[in-house]
Each structure stands twice: as C-alpha cells, then as structure tokens.
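Reading the structure
Listed below, chain by chain, are the residues.
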Amino acid sequence: MATTQEPTTGAGDASDDDAQERRTAPARTEAQLAAIYQELILDHYRRPRNKGALDGADASVERRNPLCGDEIGLQLALDGDVVRDVRFTGRGCSISQASASMLTQALRGRTRAEAEALLARFTRLVHGDAEAARDASLGELRALQGVARFPARIRCATLAWSALEEALRATA
C-alpha cells in the first residue's frame, strides 16, 4: 500500500516553527543585550558615579576631544601601588561621561598593574576585539563594546582612559 504525503507550507509545521525560533532567538538576545547596555550607559550619564574634584590627588589630567568638545578631568589618588580614589570632572556626550563614570568604579582598589591591564583590555574592547567583548572581568565596561562599530565615537569612549594612562605615568 502506497502512502501519500501532503505538501506542507511550513505554517503549521512544528519543526519549522522550532527552526524559526532558533534563528530569531540569538537576534532577540543580542537586541535585548544591546538595550540593557544602552540603559546602563544612559544611567551612568544621567547619574555619574564619582563625579567631582578630588582633593589631595596624586595626579590630575585634563583631556579634550576637539572634534566634539568632550572634556574630562581625571584625578587619581594612590596608597602606595593601590588606587585609593579616582574621580572625574567634565562635560560631553553620554559615551564620554558614562565611560569616565564606569572607569572610576572599575578602578578603585586595583593595583597599578591591574589598572594598566584594565586600560589595555578596555582599549581592545572598544576597538572591536571579540575576546575582550566576552571577558566577564570587564563587568559593566562591556556595555561600551558597541562603540567599536562607530569609529568616530572611540575617542569619546577612551578620553578618560587616555587621561588615566597619563596619570599612571605621572605617578610612576
């Protein structure tokens, strides 16, 4: 006895639905992650952490991005080889200000060597390094990985970090 199979359109086919779900799930996850990162950046911009002058700083560095007008002042205080405190002042776009805010949170309590390693890792992140984007040790800083898709914004994201690099050199 021969069996006939009716053609399927895929509309009601469970395996087609599952395949479609697998194809769209990563995109939704990426979109959801991007939305979370955007909210985190906006939160740091609207409610910056550690913003204000730091009395008794061991180093104070000013940076300006002439292309967009972003300004960052970074003050660093060390206890021996450990970052005791770090604060920033300035004004600018959400990327520059959020990056500075996140930097101050990530840096406090780290040794000079750890701060230098963080600086290098963050720089690779915003330049599109896929391994750095997966590095959980970067924590909230990973929210800035999307900057790599916009080369003009990399300078915004790294402005405070270039000030950190100079401050670390000045206190060596």
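These figures come from a predicted structure and were not determined experimentally. Residues take numbers from 1 onward in each chain, read along the sequence in its written order. Totals for whole chains, interfaces and linings use every residue, but because this is a predicted model, local features are given only for residues with pLDDT of at least 70 and side-chain atom pairs only at 80 or more, for both listing and counting. Computation of side-chain values: all heavy atoms of the structure, hydrogens and water removed.

**Section: the packing of aromatic side chains**
Geometrically, a pair of aromatic rings is defined through the distance of the ring centres and the angle of the planes. Defined as follows: In summary, the pairing rule links any two rings of Phe, Tyr or Trp, Trp by its six-membered ring, whose centres are within 6.5 Å, and it sorts them by plane angle into stacked for under 30 degrees, edge-to-face for over 60 and tilted for everything else. By the criteria applied, helices consist of DSSP H or I runs no shorter than four residues and strands consist of E runs no shorter than two, each listed in order from the N terminus. Remark: exposure states derive from per-residue accessible area (1.4 Å probe, protein chains only) relative to the maximum for the residue type, with buried under 20%, exposed over 50%, and partly exposed in between.
Scanning all chains against the criterion turns up one aromatic pair. When the centroid spacing of 4.3 Å and the interplanar angle of 15° are considered together, the rings of F122 and W161 count as stacked. Of this pair, F122 sits in helix 3 (residues 112–126) while W161 sits in helix 5 (residues 151–170); the two residues are 39 residues apart in sequence, bridging distant segments of the chain. With respect to class, F122 is no different from W161; both count as buried.

**Brief notes about the packing of helix 2 (residues 94–107) against helix 5**
We apply this condition: The convention used is that axes are lines fitted to C-alpha atoms, helices contributing only their stretch in contact, and that angles between N-to-C directions extend from 0 to 180 degrees. Two helices that cross are described as forming a left-handed crossing if the nearer one is turned anticlockwise from the farther one by less than a right angle, and a right-handed crossing if clockwise. For this analysis, residues touch if any pair of their heavy atoms sits within 4.5 Å. Any residue that is not Ala, Val, Leu, Ile, Met, Phe, Trp, Tyr, Cys, Pro, Asp, Glu, Lys or Arg is counted as polar, Gly included; the first ten are nonpolar and the last four charged.
The contact between helix 2 and helix 5 brings their axes to 8 Å, and the two run at 35°. As for the relative orientation of helix 2 and helix 5, their crossing is right-handed in sense. For the pair formed by helix 2 and helix 5, the contact residues are I95, S96, S99, A100, L103 and L107 on the first element and R153, C156, A157, A160, W161 and L164 on the second. Considered class by class, the residues forming the contact of helix 2 with helix 5 number nine nonpolar, two polar and one charged.

**Quick notes on the sheet that holds strand 3 (residues 82–91)**
The condition is simple: Only strands that DSSP links by at least two bridges are regarded as paired with each other.
Strand order in the open sheet formed by three strands is 1-2-3, with antiparallel pairing between adjacent strands. Single-partner strands in this sheet number two, and they are strand 1 (59–64) and strand 3. Across the sheet, the mean angle from the axis of one strand to that of its neighbour is 15°, orientation sign disregarded. Note that strand 2 (residues 71–79) and strand 3 share nine bridges and pair antiparallel. The partner of Q75 across the bridge, within strand 3, is R87. In the packing of helix 2 onto the sheet, the strands contacted are strand 2 and strand 3, and the crossing angle to strand 3 comes to about 170°. Across the sheet, helix 5 lies against strand 1 and strand 2, angled at about 150° from strand 1, the strand it touches most.

**Examining helix 5**
Applied cut-off: Each residue after the first adds 1.5 Å to the expected span of a helix. For a residue, the bend is simply the angle between two axes, fitted respectively to the seven-residue segment ending there and the seven-residue segment starting there.
End to end, helix 5 covers 28 Å across 20 residues, agreeing with the expected 28 Å (1.5 Å per residue, within 8%). Its maximal kink placed at T158, helix 5 deviates by approximately 50°. For helix 5, every residue scored as buried is listed here: I154, C156, A157, T158, L159, A160, W161, S162, A163, L164, A167 and L168.

**Re the packing of helix 3 against helix 5**
How we decide: Orientation labels follow simple angle bins: below 35 degrees gives roughly parallel, above 145 gives roughly antiparallel, 65 to 115 gives roughly perpendicular, and whatever is left gives oblique.
Where helix 3 contacts helix 5, the axes come no closer than 10 Å and their chain directions differ by 160°. Here helix 5 runs roughly antiparallel to helix 3, going by the angle between their axes. The handedness of the crossing between helix 3 and helix 5 is left-handed. For the pair helix 3 and helix 5, contact is made by R112, A115, E116, L118, L119, F122 and V126 and by I154, A157, T158, W161, L164, E165 and L168, respectively. The class makeup of the residues in the contact of helix 3 with helix 5 is ten nonpolar, one polar and three charged.

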